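Okay, here's what each chain looks like letter by letter:
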Amino acid sequence: MSTLKWLVVTATGVLLVAGCEQKKRDAGGGSAGASGSAGSAAASTGGATPGVTATEIKIGQTIPYSGPASAYAVIGKADVAYFKRVNAKGGINGRKVTLISLDDGYSPPKAVELTRQLVENDGVAFIFNSLGTANNSATQRYLNDKKIPQLFVATGADKWGNPSKFPWTMGWQPSYRQEAKIYARYLLKEKPAAKICILYQNDDFGKDYLAGLKEGFGDQYDKLVTKTESYETSDPTVDSQIISLHDAGCDTFINAATPKFAASAIRKIGDIGWKPLHLMSNVSASVTAVIKPAGPDKAIGIITGAYIKDASDPAVANDPDLADYRAWIKEYAPELDPSDTNAVYGYGVSMTLAKVLTQCGNDLSRENIMKQAANLTHFAIPVAPPGIEINTSPTDYWPFSQMRLARFTGEHFELFGDVINAD
Amino acid sequence: MKLAAPAAIVIAVILPFVVSGYHTFQLAQVLAYAIAILGLNLLTGFSGQISLGNGAFYALGAYSAVIAINNLHLPYGVAPVVAAAVCFVLGYLFGKPAARLEGLYLALATFALAVVTPQLLKLDRLEPWTGGRGGVQIDKPVSPFPSVLDDDRWLYMYCLIVAIVMFALAWNVIRGRTGRALIALRDHPIGAGAMGIDIAEYKAVTFGISAMYTGVAGALGALIAGFISPDSFSILVSIQLLVGGVVGGIASIFGTLFGAVFIEFVPNLANQLSDNAPGVVFGVLLILCMRVMPGGLAGLVASARARRAHRGT
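Computed from a predicted model, the values in this text were never measured in an experiment.

A.B. asks: Talk me through the pairing of strand β1 (residues 56–63) of chain A; I want residue IDs and the actual numbers.
C.D. replies: Residues and elements named next belong to chain A. With respect to burial, β1 is a largely interior element, eight of its eight residues being buried. Covered by surrounding structure in β1 are Glu 56, Lys 58, Gly 60 and Thr 62 together with Ile 57, Ile 59, Gln 61 and Ile 63, the residues of both alternating faces. Sheet topology note: the β1/strand β2 (residues 96–103) ladder contains eight bridges and is parallel. From the neighbouring strand, Gly 60 faces β2, where its bridge partner is Ile 100. Handedness of the crossover is the feature at issue here: the chain leaves β1, passes through helix α3 (residues 73–88), returns alongside β2, and the resulting connection is right-handed.

If you want it as structure tokens, here you go:
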């Protein structure tokens, strides 16, 4: 008989846990109530969208606070801290923004579960800046079926700007494919007779790059690209690939590698005395993580594309455009390192969302939120290099499709030339 | 005692109608975990072989099911059967040599299996089937009776039926000849051999059965999440299953349900209690749990029952 008893206990336990969860969430949500007067006018229109009241917009995201990708936890912390300041200053059109940021441990099934929790239990208006290609792929169909905006997903894959198939999903950063197209565009203009060698990582990241270069060079690809080499992330170095590319007699080298291998390539190129025009992927353009370990003297002249500023660069540290960023991080996120690119990223993407919500005015229906996200024109954020703008339209779901090039001077990356468009 | 199983089924059928769609979805996941933990218990609890690699079979089952549905266009009902067959065969073949390893060495060999699996799933050559690093989406089963059961409840009922079949099967295996052979093998391998039990063969078959259970659970897990990718099956899955097995009681059939509830809900609970260190909270809860009931929930129940019998009530 006691088996029966503990089965009942278990079942009750499940219900209890579930119940507590719901209760606790509700208590965490709408407390402040800063704006009574602005609220009453909006109350009539505010009721329709879940998570939206006269005084609050509740939104959610999942971030790997634990697990193999927990370095990106900084993005979630920065997002939350950004809206903390927005709320301290009175919110957006009188509503404070409550961002519920949950830990998915970089596991897609967990992301599905937590996203459903956010939507069905916590009743968020939409999902903002959830991180990871697989995790966003896992929730994309669910959110689109339910017509819930999946805004500014934090991934560089090339599948998010597809409004005809997934009208409720939008990316933010330029994709790797777009970045590669920008390099191709630059080379076609500046060095039309180049003999090009490419090193790429043998996975989705590297292949997106290759696809972008093929698209960018078009029918010139076979003529210009002399040789390609790939590496596996399990390889100790890329020395042999570099020697083989050097032997092919290239005068231009495209380095589509992640930080550890990009550094290995820079060092080897310096060691063997090869002096190609060197273009390096933006993910590896870090002075502290790549250039210093490789040897800054070997990296002079390397060109990369930039869409947000490298905060680890001492020249950028005193940039007046970043005064607001520094003041914010000091007051609202003192535990974050101001030179961490992920903090810059979180600030930039949250600022973009704040702009969208401001544009929505008092119509916070999910349709209008998506409409306004697809209606950003010439929006410049201070953490982007001068000249770079965010533009979207109902057919263009790529907020960033421009970059500027920067050249390594021996100390930092210095911008040069005009803004280059990917499309 | 005779009423326990029917009562459990009645509760399980009623539950989705009193909780929300999201909780129904979580309960379906609990059922999948319970089946996977049951597979581990058969291997570790009853036949005494430690496995840290059952997550690999969970992944294998998930991929088999998705390939069966997406590429071979088989109906949903057949997918777990395909997963079961594939996992049984591969589990048996892996168990054949591996089961000659004892204790910790076997644990290491199976651990290697769990580490390798996500890498294998990323292989280029398998990409048309597995979707590579990016993963594969799968359409969730649509309820044929939408007025009575919405899609979440339908999927839950589907998982429940599979779970009932798997539990009944395990119940019969354990109480029969095979079960006695397994327990003999765990408690005294030399004695079991002397009694005429083919040790190597029984161990390999148990490995196959365990893999089959885990594979079926993986198939259900894939249907519940609607998406699979190599990142879905990190080594953590194997460890979670082990935690669930131990918390519920490693040599117990119905304890698996509690283990499944534990690994599904306690991490969420830990997340609620602490924003900064949910891992620490989870660890403390786990230690508390093991302190209060070292034999898992099943052990606690057994000792309570023994105490009552001792008092003569």
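A.B. asks: Outline the nonpolar core, listing residues and values.
C.D. replies: Residue and element names in this part refer to chain B. Ile 35 and Val 216 are the most contacted members of the largest nonpolar core, which totals 217 residues. In terms of residue count, helix α2 (residues 21–46) provides more of this core than any other element does, 17 residues in total. Excluding anything up to four places from it in sequence, Ile 35 contacts Ala 163, Met 166, Tyr 213, Val 216 and Ala 217.

A.B. asks: I'd love a proper account of the sheet that holds strand β8 (residues 252–256) of chain A, names of residues and values included.
C.D. replies: Hydrogen bonds between backbone groups are what pair the strands of a sheet, and the pairing can be parallel or antiparallel. Residue and element names in this part refer to chain A. With mixed pairing, seven strands are arranged side by side in an open sheet as β7-β6-β8-β9-β10-β11-β12. Here the strands that pair on one side only, and so sit at the sheet edges, are β7 (225–231) and β12 (413–421). In this sheet, adjacent strand axes meet at a mean angle of 25° when their direction is disregarded. With four bridges joining them, β8 and strand β9 (residues 277–280) adopt parallel strand pairing. Counterpart to Ile 254 in the pairing with β9 is Leu 279. Along the sheet, helix α9 (residues 239–247) contacts β6 (196–201), β7 and β8; its crossing angle with β7, the most-contacted strand, is approximately 175°.

A.B. asks: I'd like a rundown of helix α5 (residues 103–121) of chain B, residues and numbers included.
C.D. replies: Within an α-helix, residues lying three or four positions from one another point in the same direction, as the helix has 3.6 residues per turn. All names here are of chain B. Its 19 residues place the ends of α5 28 Å apart at the C-alpha level, agreeing with the 27 Å of an ideal helix rising 1.5 Å per residue. Residue Val 115 marks the point of greatest curvature in α5, where the axis turns by about 25°; the proline Pro 118 follows within four residues. Turning to α5, its buried residues are Leu 106, Thr 110, Phe 111, Leu 113, Ala 114, Thr 117, Pro 118 and Leu 121. Buried positions along α5 lie against α3 (54–70), α4 (79–98), α6 (127–130) and α11 (235–248).

A.B. asks: Provide a residue-level description of α11 of chain B, including the pertinent values.
C.D. replies: Residue and element names in this part refer to chain B. With 14 residues, α11 should reach 20 Å at 1.5 Å per residue; the first-to-last C-alpha distance of 20 Å fits that figure. Taking burial as the measure, the 14 residues of α11 include eleven buried ones, the bulk of the element. Along α11, the residues classified as buried are Val 237, Ser 238, Gln 240, Leu 241, Leu 242, Val 243, Gly 244, Gly 245, Val 246, Val 247 and Gly 248. On its buried face, α11 is in contact with α2, α3, α5, α12 (255–273), α13 (278–292) and α14 (296–311). Looking one or two residues past α11, Gly 249 carries a phi angle of roughly 115°, positive in sign.

A.B. asks: I'd like a description of the environment of Ser 284 of chain A, backed by residues and values.
C.D. replies: Residue and element names in this part refer to chain A. Following the sequence through the fold, Ser 284 ends up in the loop between β9 and α11 (287–294). The spacing of Ser 284 and Asp 222 is 62 residues in sequence and 26 Å in space, taken between C-alpha atoms. The residues touching Ser 284, leaving out its near neighbours within four places in the chain, are Ala 257, Thr 258, Pro 259, Ala 262 and Val 290.

A.B. asks: Break down the packing of α11 of chain B against α12 of chain B for me, citing the residues and quoting the values.
C.D. replies: All names here are of chain B. Contact pair α11 / α12: the axes reach a minimum separation of 7 Å and the direction vectors enclose 130°. By the angle class used here, α11 and α12 are oblique. In this structure, α11 meets α12 at a crossing whose hand is right-handed. Each of Gln 240, Val 243, Gly 244, Gly 245, Val 247 and Gly 248 in α11 lies in contact with α12, whose residues at this interface are Gly 255, Thr 256, Leu 257, Phe 258, Gly 259, Ala 260, Phe 262 and Ile 263.

Cut-offs and rules
Residues numbered from 1 in each chain as written. Chains lettered and ligands numbered in written order. Predicted model: local features only at pLDDT ≥ 70, side-chain atom pairs only at ≥ 80, totals over all residues. Buried ≥ 20, exposed ≤ 12 C-beta atoms within 10 Å, placed from the backbone. Helix = DSSP H or I, 4+ residues; strand = E, 2+ residues; numbered from the N terminus. Pairing = 2+ DSSP bridges. Right-handed = clockwise from strand over helix to strand, strands pointing away. Core = buried A, V, L, I, M, F, W, Y, C linked by C-beta atoms within 7 Å. Contact = placed C-beta atoms within 7 Å. Axes fitted to C-alpha atoms, helices over the stretch in contact; angles between N-to-C directions. Expected span 1.5 Å × (residues − 1). Bend = angle between axes of the 7 residues up to and from the residue. Parallel < 35°, antiparallel > 145°, perpendicular 65-115°, else oblique. Left-handed = near helix turned anticlockwise from the far one by under 90°.

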